[in-house]
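# Architecture at a glance
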Amino acid sequence: MARSLALCALTFPLALLGACGPVAKIRPGAESVLAVFAPPTPEEAMKMATDEFDANKRFEGLSYIAGATYASEPQYLQLFQARLRDKDPGVRALAARALGSYGSATDAIAIADLMVTDPDIIVRIASARALQRLHSPEVVPQLFTALDPVKEIEPRVRVEAASALGQYRETRVVERLIAAVADENLPVNLRVRGSLRTLTGAGCGTSQANRQAWYR
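Here goes a summary of the coordinates provided.

## A word on helix α6 (residues 89-102)
- With 14 residues, α6 should cover 20 Å at 1.5 Å per step; its first-to-last C-alpha distance of 20 Å lies within 8% of that length.
- Turning to α6, its buried residues are V91, R92, A93, L94, A95, A96, A98, L99 and G100.
- Residues of α6 that are buried make contact with α4 (55-66), α5 (74-83), α7 (105-117) and α8 (121-130).

## Looking at the environment of I121
- Position of I121 relative to the elements: it lies in helix α8.
- The class for I121 is partly exposed, based on a relative accessible area of 33%.
- With 32 residues separating them along the chain, I121 and I153 place their C-alpha atoms 9.8 Å apart.

## Let's talk about the side chain of S136
- In this structure, S136 sits in the loop between α8 and α9 (140-147).
- Setting aside anything within four residues of it in sequence, one finds S136 in contact with A105, A108, I109 and Y168.

## Observations concerning helix α10 (residues 155-165)
- Within α10, nine of the 11 residues are buried, which leaves the element mostly enclosed by the surrounding structure.
- Of the residues making up α10, those classed as buried are V157, R158, V159, E160, A161, A162, S163, A164 and L165.

## Notes on the packing of aromatic side chains
- For the coordinates displayed, the defined rule picks out two aromatic pairs.
- Measuring from centroid to centroid gives 4.9 Å for Y70 and Y76, while their planes differ by 45°, and the two rings are tilted. With respect to burial, Y70 and Y76 carry one shared label: buried.
- Relative to Y102, the ring of F80 has its centre 6.4 Å away and its plane inclined at 20°; by these criteria the two rings are stacked. Of this pair, F80 sits in helix α5 while Y102 sits in helix α6, and the two are 22 residues apart along the sequence.
- On the basis of relative accessibility, which here comes to 0%, the residue F80 falls in the buried class.
- Y102 sits in the partly exposed class, given a relative accessible area of 29%.
- Sitting above the plane of the F144 ring, R176 keeps its charged end 4.3 Å from the centroid.

Calculation rules
Residues numbered from 1 in each chain as written. Predicted model: local features only at pLDDT ≥ 70, side-chain atom pairs only at ≥ 80, totals over all residues. Heavy atoms only, no water. Helix = DSSP H or I, 4+ residues; strand = E, 2+ residues; numbered from the N terminus. Expected span 1.5 Å × (residues − 1). Buried < 20%, exposed > 50% of the residue type's maximum accessible area, 1.4 Å probe, protein only. Contact = heavy atoms within 4.5 Å. Phe/Tyr/Trp six-rings, centres within 6.5 Å; stacked < 30°, edge-to-face > 60°. Lys NZ or Arg CZ within 6 Å of the ring centre and 35° of its normal.

Take it as geometry only, folks, not as evidence of what the structure does.
Laid out in structure tokens, this is it:
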């Protein structure tokens, strides 16, 4: 019985699939049941990702490309770079995440600017998280800004910035992280301590006096 149903499904006209229930994301022009659920081709995904009239399509197309084996190819990196300036915050956040996976130190600079200037919290979080995977000493000042509770009120951004700073074994970074241990938000505090242990191999005490003595 199961074999007969399977064969029937493979030969049943696509136009009648709706009778069996809703079908999500049917590919335009699909000519078989198997093709209905196939991912878009690179050309189709690019067309979706560059649809200036539909943010949902841009997000969907960008998602397909970011998860594909060809995502690191130059034309797609250029697409991610361009979408950092997209008018939709979801698309901007996705572009930052994609460049965190496939981009370079050059991309880190644009992502860092997004981290400190974007009005959307999710974009700033995604940007700070992307900088954990890209190394560029040029973005350290922006990470300091994102770690400052006066300049960045969202603790989740400060948490991610603290993690990103853990890859820079520099005096200025250690000094800024020691100061940031005083952050009143516990997740930020714990992440700062984690980055200090990564950089120095040791803790830094629980009081400001202990921290300064440890540093000296």
